[in-house]
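Architecture and fold: a report
The lines below spell out each chain.
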Amino acid sequence: MARSTARKRALNTLYEADEKSQDILSLLDERIAHPGAQTPLPEYAIEIVRGVADHLRTIDRTLDEHSTGWKVRRMGVVDRNILRIATWEILFNGEVPDRVAIDEALALAKTLCDDDSPAFIHGLLSAVCADKDSVVTEDSAQHDQNNDAADQSGNDPAAQSDPSADNQPTVD
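Residues numbered from 1 in each chain as written. Predicted model: local features only at pLDDT ≥ 70, side-chain atom pairs only at ≥ 80, totals over all residues. Heavy atoms only, no water.

To continue, consider the nonpolar core. The tendency in soluble globular proteins is for nonpolar side chains to be buried as a group. Among the nonpolar cores identified, the biggest contains 42 residues, and Ile82, Ile90, Ile121 and Leu125 are the most heavily contacted of them. Going through the elements one at a time, α1 (3-20), α2 (24-33), α3 (43-54), α4 (56-66), α5 (77-92), α6 (98-112) and α7 (117-130) are the ones with two or more residues in this core. (Core = buried A, V, L, I, M, F, W, Y, C linked by side-chain atoms within 4.5 Å. Buried < 20%, exposed > 50% of the residue type's maximum accessible area, 1.4 Å probe, protein only. Helix = DSSP H or I, 4+ residues; strand = E, 2+ residues; numbered from the N terminus.)

Within the element layout of this structure, Asp79 appears in helix α5. Lacking a salt bridge, the buried Asp79 has Arg80 as its closest oppositely charged neighbour, with an N-O distance of 9.3 Å. (Lys, Arg positive; Asp, Glu negative; His and termini not counted. Salt bridge = Lys/Arg side-chain N within 4 Å of Asp/Glu carboxyl O.)

The tally for this structure, following the rule as stated, stands at one aromatic pair. Where Tyr44 meets Trp88, the ring centres are 6.4 Å apart and the plane angle is 50°; that geometry is what we call tilted. You can see Tyr44 sitting in helix α3 and its partner Trp88 sitting in helix α5, a full 44 residues away along the chain. We note that Tyr44, like Trp88, is buried. (Phe/Tyr/Trp six-rings, centres within 6.5 Å; stacked < 30°, edge-to-face > 60°.)

Okay, unusual backbone geometry next. The phi torsion at Ser21 lies on the positive side, around 55°, for a residue other than glycine. Along the chain, Ser21 turns up in the loop between α1 and α2. Overall, the relative accessible area of 70% leaves Ser21 in the exposed class.

What follows is the structure, given as structure tokens:
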């Protein structure tokens, strides 16, 4: 299956999780186990959704820092998730050239968003590309700190870096 189709399916999953305020990875697990009327998710769609979930804090912080006038939480749901996918590809997926990530995001925006969205998305992703080395360095340092803290406390590092864990009740 083409990566363009996988991106669209990943967008659908991220959109649904966002609209329902559901944990991304729990929804992904549901979609993998029970695809319903749709065909099973392509492997690349699963990789995108997991990647966005794993790096959601860094992705959203990066978008907030490079956006003028609109914070991630104020963006339209479709725009926000198109940006998250492309930002993950730019920052964390070395297999996809930056230009391809931007072009694919623009293709989605042109078909799914209002007329102003493609220009906004293009400008924001271009700014992310221009600054990506510092963002990736910061993310690596944060992951290292999380892993060091987990090693010292005996906790699972994956649980500490889970962006969805912030609003989850704790069980003692």
